[in-house]
Amino acid sequence: MSTDNKKTETEQCTIPSVTSSAVEQCPEFPYFGARYPDARCIDGYLHDMDSCDEEGNVYIMDEMHPCPFCNKDEFMQNQKDNEEDLTEAQGWIDRIKTKYN
Ligand SMILES: [Zn+2]
């Protein structure tokens with residue numbers, strides 16, 4: 001897990017440790033509207049590191065956001081359901097991968 005934290009704008013929440021046997025840690029990247037990486041993949045779903053309760057625990061979201069890396073099938077299905085351009089979505093994934101991995 002990376003400890004070099006370049007974020008300055010907000011305090012980050014405590015992220016529950018990943019309990020699954022994930023072989024590969026997905027990159028953190030801007031997803032929930034921040035200019036810095038604010039999304040963290042936990043067990044295949046993205047969590048907003050900027051929303052947490054008083055104790056600093058990250059909220060489990062009502063809406064599930066599939067991770068575009070380890071849960072790509074579901075992510076792409078979501079894009080499709082929302083009538084997003086899949087080519088564009090793939091391009092976005094590639095850019096995130098290059099920039100944040
Ligand atoms: Zn992931």
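Coordinates for the structure precede this section.
The structure presented is a predicted model; accordingly, all values stated were derived computationally and were not measured.

A. Here's a closer look at the pairing of strand 2 (residues 45-48). Of the strand pairs in this sheet, strand 1 (residues 39-42) and strand 2 are connected by 4 bridges, and their pairing is antiparallel. Pairing of Ala39 across the sheet is with Asp48, part of strand 2. Two successive antiparallel strands, strand 1 and strand 2, enclose a turn made up of 2 residues, where Asp43 displays a positive phi of approximately 50°.

B. Inspection of the environment of Gln77 at higher detail. Looking at where Gln77 falls in the secondary structure, it is placed in helix 1 (residues 72-81). For Gln77, a count of 12 C-beta atoms within 10 Å puts it in the exposed group. The sequence separation of Gln77 and Pro66 amounts to 11 residues, and the corresponding C-alpha distance is 9.5 Å.

C. Expanded view of the nonpolar core. The biggest cluster of nonpolar side chains holds 8 residues, and these are Cys26, Phe29, Ala39, Cys41, Leu46, Cys67, Phe75 and Ile96. Contacts of Cys41, omitting those with residues within four sequence positions, involve Cys26, Leu46, Cys67, Phe69 and Cys70.

D. A look at unusual backbone geometry. Here the phi dihedral of Asp43 falls at roughly 50°; this positive angle occurs in a residue that is not glycine. Within the secondary structure, Asp43 is located in the loop between strand 1 and strand 2. Here Asp43 falls in the partly exposed class, since 13 other C-beta atoms lie within 10 Å of it. Non-glycine residue Glu83 carries a positive phi angle of around 60°. Residue placement: Glu83 occurs in the loop between helix 1 and helix 2 (86-100). Classification of Glu83 by C-beta neighbours within 10 Å gives exposed; the count is 7.

The rules we used
Residues numbered from 1 in each chain as written. Predicted model: local features only at pLDDT ≥ 70, side-chain atom pairs only at ≥ 80, totals over all residues. Pairing = 2+ DSSP bridges. Helix = DSSP H or I, 4+ residues; strand = E, 2+ residues; numbered from the N terminus. Buried ≥ 20, exposed ≤ 12 C-beta atoms within 10 Å, placed from the backbone. Core = buried A, V, L, I, M, F, W, Y, C linked by C-beta atoms within 7 Å. Contact = placed C-beta atoms within 7 Å.

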